[in-house]
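The lines below spell out each chain.
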Amino acid sequence: MSARASKLAPIATGLATILAVIVLLEILIGIDVIDRFLMPPPSDVFVALPRLFTDENVVPRFFVTAGETLAAGLLLSIFGIAGGALLFRFVILRRSFETWVAALAAAPIVLSYPLFLVIAGRGSATVVLVAFLAALPAVILKTLEGFSQTPGVYALVGKSLNASRWQIFSKVMFPAALPSIFVGLRLGLLVAMLNIVGMEFLINTGGLGQLVNELSERYDLAATYAAILCVILVSVLFFTATEWLERRLRRVA
Amino acid sequence: MIDTPSKFLDVNNLAMRFGDGQDAITAIDDVSFSVVEGEVVSVIGPSGCGKSTLLNAIGGLIAGFDGTVSLSNETISGPHPSIGMVFQEESAFPWRSVLENVAFPLEISGMAKAERLSRARHFISLVGLEGFEQRYPAELSGGMRQRVAIARALAHEPKILLMDEPFASLDEQTRILLGESILKIQQTLGQTILLITHNLTEAVQLSDRVLVMTYRPGRIKTEIDIDLPRPRSSEILASDAFGRYVAQIWGHLREEAGRGMRQADHGSQIDKK
């Protein structure tokens, strides 16, 4: 197999699998194995997609959800990574808060949305705040794990070369912890997106979550699934962006 | 008048204790020795005798010890640009290519990129890794990764190279061949080396002098000059003289290693109780 073919093979296999699932669903729904009132045939979903642009104003909604995800992602990158680094650096903080942070990760923060509505009002600020808080523990804990699992000898190499604390952090500890940090960020973004779409669905402030809510209340199932495809697109976009960013940062470090 | 080589590294009455009160452990005590320029000295001792503590104190990585360490009459109180270190654990950074790893010390010191990469290439070639510049540590064997660490430690041209059991995680054959590489590098650069090891063959193969340490607290028990011809290759392992040196060192080390083992057994029995 040529180098080009071996590079394309995984992509082709992935796309072929998705296509096979779509065809299988189409057949199963067509022969009534799956009830079409529970799940519309994929062909109906694709036909409904253009309607989202013409009738449902999907583009601005897409940007609302993507913008909220970006805002939550930026907050997570700043506070999550800083939080994890602080817990690693100061043993007293780690002993005091690690268990609490882990407990927060399991807390259904979205249920306290009425409180956040009072604090931040009915709008994107509340959506971003809830998503950020729900996803923060994952980023903090994975960042902490990344730093903790970095072999001590890496820092010793820096120290033996008389590197400054900042050089040891930026050129040794941070790049060594990057894979774990990015696992945390991707996990955090996933949790954030779930909360963002869920909050948009609940409080009807706009975005794709609100669109899914409206379409499902109209029993327009094909368009509902098409809107969900748009949500998946936002998720894929952010996943790809974090992968690109991780590669860039590793190269810079 | 005969010129006697001047002391280059001078370790004087070095002692290091960990902990307080009854739990205090004296890792090393009253350790004094010196190394002259271009010399290869090995420190050998049983596990737990404080060899690595000694090396970390000389390398300026730990503080709080008694005694002094000086290099060319300058007292060492922290990491020093004239000291290069190679560690026992695999320390090549996995996110950097071989070239970027070796250039790392020069990057830390602020050298321009073109110059540091050119200098890194020189040291990569010195350790026999030319052609692997763009490879990452995960793509290399354990021996090659350790050569990357050696090239990195040499890149900022230290006056003395401290090596803490650099071949401990490697198999015997790779260890002998890497020893040969070290001998060649030492000969090319006239590099002064202080090697910590628990491997008798390695100590005799590489050294001009071997310092045997006692079990805890680590003290210098005896000093053995290795009068084998240089340049050396691994063929020297088959010579009678080599075998006699190994036996002589083991003669001094045996009692200490036994003491260390008994103490470790005693410790684990107490733990069981």
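Refer to the preceding data block for the structure.
First things first, this report covers the structure right here in the doc. (Residues numbered from 1 in each chain as written. Chains lettered and ligands numbered in written order. Predicted model: local features only at pLDDT ≥ 70, side-chain atom pairs only at ≥ 80, totals over all residues. Heavy atoms only, no water.)

### Observations concerning the overall build of chain A
As a reminder, the rule being used: In DSSP terms, a helix is any run of H or I states spanning at least four residues, a strand is any run of E spanning at least two, and both are numbered starting from the N terminus. Buried, partly exposed and exposed residues are distinguished by accessible area as a fraction of the type maximum, computed with a 1.4 Å probe on protein chains only: under 20%, between the cut-offs, and over 50%, respectively. Only heavy atoms enter the contact rule, under which two residues are in contact if any of them lie within 4.5 Å.
From N to C terminus, chain A includes 10 helices and zero strands. Reading chain A from its N terminus to its C terminus gives the helix and strand order α-α-α-α-α-α-α-α-α-α. Principal-axis analysis of the C-alpha atoms places the extent of chain A at approximately 70 × 60 × 30 Å. Buried positions account for 40% of the 253 residues belonging to chain A. Excluding contacts between residues fewer than 6 apart, the proportion of contacts in chain A whose partners are at least 24 apart in sequence is 74%.

### Describing unusual backbone geometry
Residue and element names in this part refer to chain B. Between arginine 216 and the following residue, proline 217, the backbone shows a cis peptide bond with an omega angle of -5°. You can see proline 217 is positioned in the loop between strand E9 (209-213) and strand E10 (220-225). Between arginine 230 and the following residue, proline 231, the backbone shows a cis peptide bond with an omega angle of 0°. The topology assignment puts proline 231 in the loop between E10 and helix H7 (240-272).

### Here we look at the environment of alanine 16 of chain A
As for its placement among the helices and strands, alanine 16 of chain A is situated in helix H1 (residues 3-30). Judged by relative accessible area, alanine 16 of chain A falls into the partly exposed class, the value being 43%.

### Re the nonpolar core
As a reminder, the rule being used: To qualify as a nonpolar core, a set must consist of buried Ala, Val, Leu, Ile, Met, Phe, Trp, Tyr and Cys residues joined through side-chain atoms within 4.5 Å.
Ranked by internal contacts, the top residues of the largest apolar core, which has 73 residues, are Leu9, Leu14, Phe33, Leu54, Ile58 and Leu194 of chain B. For this core, the element with the most residues is helix H8 (residues 165-203) of chain A, which contributes 14 residues. With residues up to four places along the chain from it excluded, the contact list for isoleucine 58 of chain B reads Leu9, Val11, Phe33, Val69, Ile76, Ile83, Leu162 and Leu194 of chain B. Ranked by size, the runner-up nonpolar core spans 35 residues in total, among them Met111, Leu129, Ala149 and Leu183 of chain B.

### A word on the pairing of strand E8 (residues 192-197) of chain B
Residues and elements named next belong to chain B. This is how the line gets drawn: A pair of strands is considered paired only if DSSP assigns at least 2 bridges between the two.
Buried residues dominate E8, accounting for six of its six residues. Along E8, one buried face is formed by Thr192, Leu194 and Ile196 and the opposite face, lined by Ile193, Leu195 and Thr197, is buried too. Two elements, strand E3 (residues 40-44) and E8, share five bridges in a ladder whose sense is parallel. Of the residues in E8, the one forming a bridge with valine 40 is isoleucine 193. Alignment of strand E7 (residues 160-164) against E8, held across five bridges, turns out to be parallel. Bridging across to E8, leucine 162 finds its partner in leucine 194.

### Some details on the interface of chain A and chain B
In plain terms, the rule: Summed over both partners, the accessible area lost on bringing two parts together, with a 1.4 Å probe, is the buried area. Salt bridges are defined by distance alone: a side-chain nitrogen of Lys or Arg within 4 Å of a carboxyl oxygen of Asp or Glu. We define a polar contact as two N or O atoms separated by no more than 3.5 Å, with the added condition that, inside protein, one atom must be a possible hydrogen donor and the other a possible acceptor, whereas residues neighbouring each other in sequence contribute only through side-chain atom pairs. Note that Gly is not counted as nonpolar here; it falls among the polar residues with everything else outside the nonpolar set of Ala, Val, Leu, Ile, Met, Phe, Trp, Tyr, Cys and Pro and the charged set of Asp, Glu, Lys and Arg.
Listed per partner, the contact involves 17 residues of chain A and 19 residues of chain B. Both faces considered, chain A and chain B share a buried interface measuring about 1,700 Å² in area, 69% of it formed by carbon and sulfur atoms. When the buried surface of chain A facing chain B is broken down by residue, Tyr154, Ser160 and Leu161 of chain A rank first, second and third, together holding 30% of it. Applying the counting criterion to the chain A and chain B interface returns one salt bridge. A salt bridge links glutamate 107 of chain B to lysine 171 of chain A, with the shortest nitrogen-to-oxygen separation between them at 2.8 Å. One can count three residue pairs in polar contact (both at pLDDT 80 or more) joining chain A with chain B. Those elements that provide at least two residues to the side of chain A that touches chain B are helix H7 (152-160) and H8 of chain A. Element by element, the count of residues in the side of chain A that touches chain B is highest for H7 of chain A, at seven residues. Taken together, the residues of the side of chain A that touches chain B break down into 10 nonpolar, four polar and three charged.

### Quick look at the sheet that holds E7 of chain B
All names here are of chain B. Inclusion rule: For helices, the axis comes from a line fit to the C-alpha atoms of the stretch in contact; other axes are also lines fit to C-alpha atoms, and the angle between any two N-to-C directions lies between 0 and 180 degrees.
With respect to topology, six strands assemble into an open sheet ordered E6-E7-E8-E3-E9-E10, the strand pairing being mixed. In the strand order of this sheet, the two ends are held by strand E6 (83-86) and E10, each with one partner. Strand-to-strand, the axes of this sheet are offset by a mean angle of 15°, without reference to chain direction. Sheet contacts for helix H4 (residues 142-155): E6 and E7; angle to E6, the most-contacted strand, approximately 170°.

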